[in-house]
Amino acid sequence: MNKKVRMQVGAGTSGGWIAERRILGIMAAIFAVLLLLGTFLDLTLAKALYSPNNVVATWITTIGIYPFAAAVVLFLGVQCERVAHSTKTKPAKTALVAIMAVSALLVGFVGAASLLDGDCLGSIIPAVKDNRLVALALSPIIEWPLFLVGWKLAARNDDKLLLKRSVCFVLVLLAAFAFMQLTKGIFNRPRYRIVADGLEGVGFVPWFRISPKPTELMAQLGLERNEFRSFPSGHALLSISTISILLSLTWLFPSLRNKRVQLCWAGFGFTVVIIFTRMLLGAHYLSDVAAGALLGIAFVFVYHVLQQRIERSAQ
């Protein structure tokens, strides 16, 4: 392999991979300590931090979930460009490009809709809460154009591993999202904001205790299922995935390849800001966000290992 091709393979010195894994280890240790603290101080901290109807925190918390869907749409565009110019047969290329394009439309719509959730903009502007028409109007503005951006960036990129890299990246992100949805439905932990309201039958529940299904309480009090999905924090899991997203941008922007360590810490800083807003709004306890971040770091680590193997396979 000549020097030019070797540089295209990636950031991949063994020292670089080791440094990044050490950073992930440090982050995991920090969130493990926070989970332990939350086990004993959840309620005390929640009472001290709770700031209902905090508009600034709500806007910030909304930003926290945007990079996730946006990155998937961007890299589906990357994959489409690579497939469209591959050596596959025309029927195969047409089918794959169609699947990826439709997937990008769907993910973009879901991403826009998530911004209108009652935990995000829907709490500031009730008229847009879970409004599919607004989500459909928002998608072509903030989500779908990223598909074309990904296509154009890929067209100017000569990294022979770009398709493998991006497919792996998207699959890990989607796996993290699916895992989050599964785990959030297990514990049935009521969010602090409804505990703070003093609703009859709704009290503080530690994270390690699985509550019974809240169906009866939901019917009696007119509460949504989402109010009993406090543990673990989805926002924490999705925002820590920003580390993978930022690292993946180094494939498209060569100037970032020597800044991977800084990008790791930037993703960590972004996550800390987002999880703090979740606590301010009473949407989560400290243990919720710490556990969500730990789960997210596990998926970042899987992403990291798989990407290293992809690079090694080309050497």
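Residues numbered from 1 in each chain as written. Predicted model: local features only at pLDDT ≥ 70, side-chain atom pairs only at ≥ 80, totals over all residues. Heavy atoms only, no water.

Trainee: What's the story with the overall build of the protein chain in this structure? I'm lost.
Mentor: For the protein chain, the helix and strand inventory stands at 14 helices and zero strands. On C-alpha atoms alone, the protein chain measures out to a radius of gyration of 21 Å, which is about the 20 Å that the 2.2 N^0.38 rule sets for 315 residues. Within the protein chain, the proportion of its 315 residues that are buried is 47%. A fraction of 81% describes how many contacts in the protein chain between residues 6 or more apart in sequence connect residues 24 or more apart. Taken as a whole, the protein chain presents about 15,000 Å² of accessible surface, with 69% of it coming from carbon and sulfur. Across the protein chain, the 31 positively charged side chains and the 16 negatively charged ones have centroids separated by 14 Å. (Helix = DSSP H or I, 4+ residues; strand = E, 2+ residues; numbered from the N terminus. Rg over C-alpha atoms; globule rule 2.2 N^0.38 Å. Buried < 20%, exposed > 50% of the residue type's maximum accessible area, 1.4 Å probe, protein only. Contact = heavy atoms within 4.5 Å. Areas by Shrake-Rupley, 256 points an atom, 1.4 Å probe, with all protein chains shown as cover. Lys, Arg positive; Asp, Glu negative; His and termini not counted. Charge placed at Lys NZ, Arg CZ, Asp CG, Glu CD.)

Trainee: Where do I start with the confidence of the model for the protein chain in this structure?
Mentor: Low pLDDT marks stretches whose predicted atomic positions should not be read closely. Looking at the protein chain, pLDDT values average 92 and 95% of them are 70 or higher. Counting contacts from residues 1-12, a segment whose pLDDT is below 50, to residues more than four positions away or on other chains yields 22 contacts. (pLDDT = per-residue confidence, 0-100.)

Trainee: Explain helix H3 (residues 55-63) to me, please; I cannot follow it from the model alone.
Mentor: Buried within H3 we find Ala57, Thr58, Thr61 and Thr62. All buried residues of H3 project into a common sector of 140° when viewed along the axis, lining one side. Measuring from the backbone nitrogen of Val56 back to the side-chain oxygen at the start of H3 gives 3.3 Å, which picks out Asn54 as the cap. (Arc of directions from axis to C-beta. Polar contact = N/O pair within 3.5 Å; in protein donor to acceptor, adjacent residues only side chain to side chain.)

Trainee: I tried to follow the nonpolar core on my own but got confused; where do I start?
Mentor: If you look at soluble globular proteins, the nonpolar side chains tend to sit buried side by side. Among the nonpolar cores identified, the biggest contains 55 residues, and Met27, Phe31, Phe75, Phe169, Leu173, Ile243 and Leu252 are the most heavily contacted of them. Sort the elements by how many residues they give to this core and helix H4 (residues 66-84) lands first, with 10 residues. Those residues in contact with Leu252 that lie beyond four places of it in its chain are Leu74, Phe75, Val78, Leu153, Asn157 and Leu162. Formed by nine residues, the second largest nonpolar core is a distinct cluster that contains Tyr192, Val195, Val202 and Tyr285. (Core = buried A, V, L, I, M, F, W, Y, C linked by side-chain atoms within 4.5 Å.)

Trainee: Help me out: how do you make sense of unusual backbone geometry in this one?
Mentor: Negative phi is the rule for most residues except glycine; trans is the rule for most peptide bonds. With an omega of -10°, the peptide bond between Phe231 and Pro232 qualifies as cis. Tracing the chain through its elements places Pro232 in the loop between helix H10 (215-221) and helix H11 (234-240). Even without being glycine, Asn53 reaches a positive phi, approximately 60°. If you trace the backbone, Asn53 turns up in the loop between helix H2 (14-49) and H3.

Trainee: What should I look at first to understand the packing of helix H8 (residues 162-187) against helix H14 (residues 286-313) in this one?
Mentor: For any two helices packed against each other, one specifies the crossing angle of their axes together with the interaxial distance. Packing of H8 against H14 leaves a shortest axis separation of 10 Å and a crossing angle of 160°. Relative to H14, the element H8 is oriented roughly antiparallel. Considering the relative orientation of H8 and H14, their crossing is right-handed. Each of Lys164, Arg165, Cys168, Phe169, Val172, Ala175, Ala176 and Phe179 in H8 lies in contact with H14, whose residues at this interface are Leu295, Phe299, Tyr303, Leu306, Gln307, Ile310 and Glu311. Broken down by class, the residue content of the contact of H8 with H14 amounts to 11 nonpolar, one polar and three charged. (Axes fitted to C-alpha atoms, helices over the stretch in contact; angles between N-to-C directions. Parallel < 35°, antiparallel > 145°, perpendicular 65-115°, else oblique. Left-handed = near helix turned anticlockwise from the far one by under 90°. Nonpolar A, V, L, I, M, F, W, Y, C, P; charged D, E, K, R; others polar.)

Trainee: Looking at this structure, how should I read the environment of Ser233?
Mentor: By the element assignment, Ser233 lies in the loop between H10 and H11. Taking the relative accessible area as the measure of exposure, Ser233 reaches 1% and is therefore buried. Dropping the residues within four chain positions of it, Ser233 is found in contact with Lys184, His284, Asp288, Val289 and Gly292. Within the structure, the side chain of Ser233 is placed 3.4 Å from the backbone nitrogen of His235, a separation counted as a polar contact. Here Ala236 takes part through its backbone nitrogen, which lies 3.0 Å from a polar atom of the side chain of Ser233.

Trainee: Just checking my understanding: could you explain the packing of aromatic side chains for this structure?
Mentor: Aromatic ring pairs are described here by two measures, namely the spacing of the ring centres and the angle between the planes. Applying the stated criterion to the full structure yields 15 aromatic pairs. With centroids separated by 5.8 Å and ring planes inclined at 85°, the aromatic side chains of Trp207 and Phe208 adopt a geometry described as edge-to-face. Between the aromatic rings of Trp207 and Phe231, the centroid separation amounts to 5.3 Å while the plane-to-plane angle is 25°, which identifies the pairing as stacked. Remark: Phe231 occurs in the loop between H10 and H11 and Trp207 occurs in the loop between helix H9 (192-196) and H10; sequence separation between them is 24 residues. Taking relative accessible area as the criterion, Phe231 reaches 5% and is therefore assigned buried. The rings of Tyr50, Tyr192, Phe204 and Tyr285 are connected pair by pair, giving a single aromatic cluster. Taking NZ or CZ as reference, Arg260 lies 5.5 Å from the ring centre of Trp17, over its face. (Phe/Tyr/Trp six-rings, centres within 6.5 Å; stacked < 30°, edge-to-face > 60°. Lys NZ or Arg CZ within 6 Å of the ring centre and 35° of its normal.)

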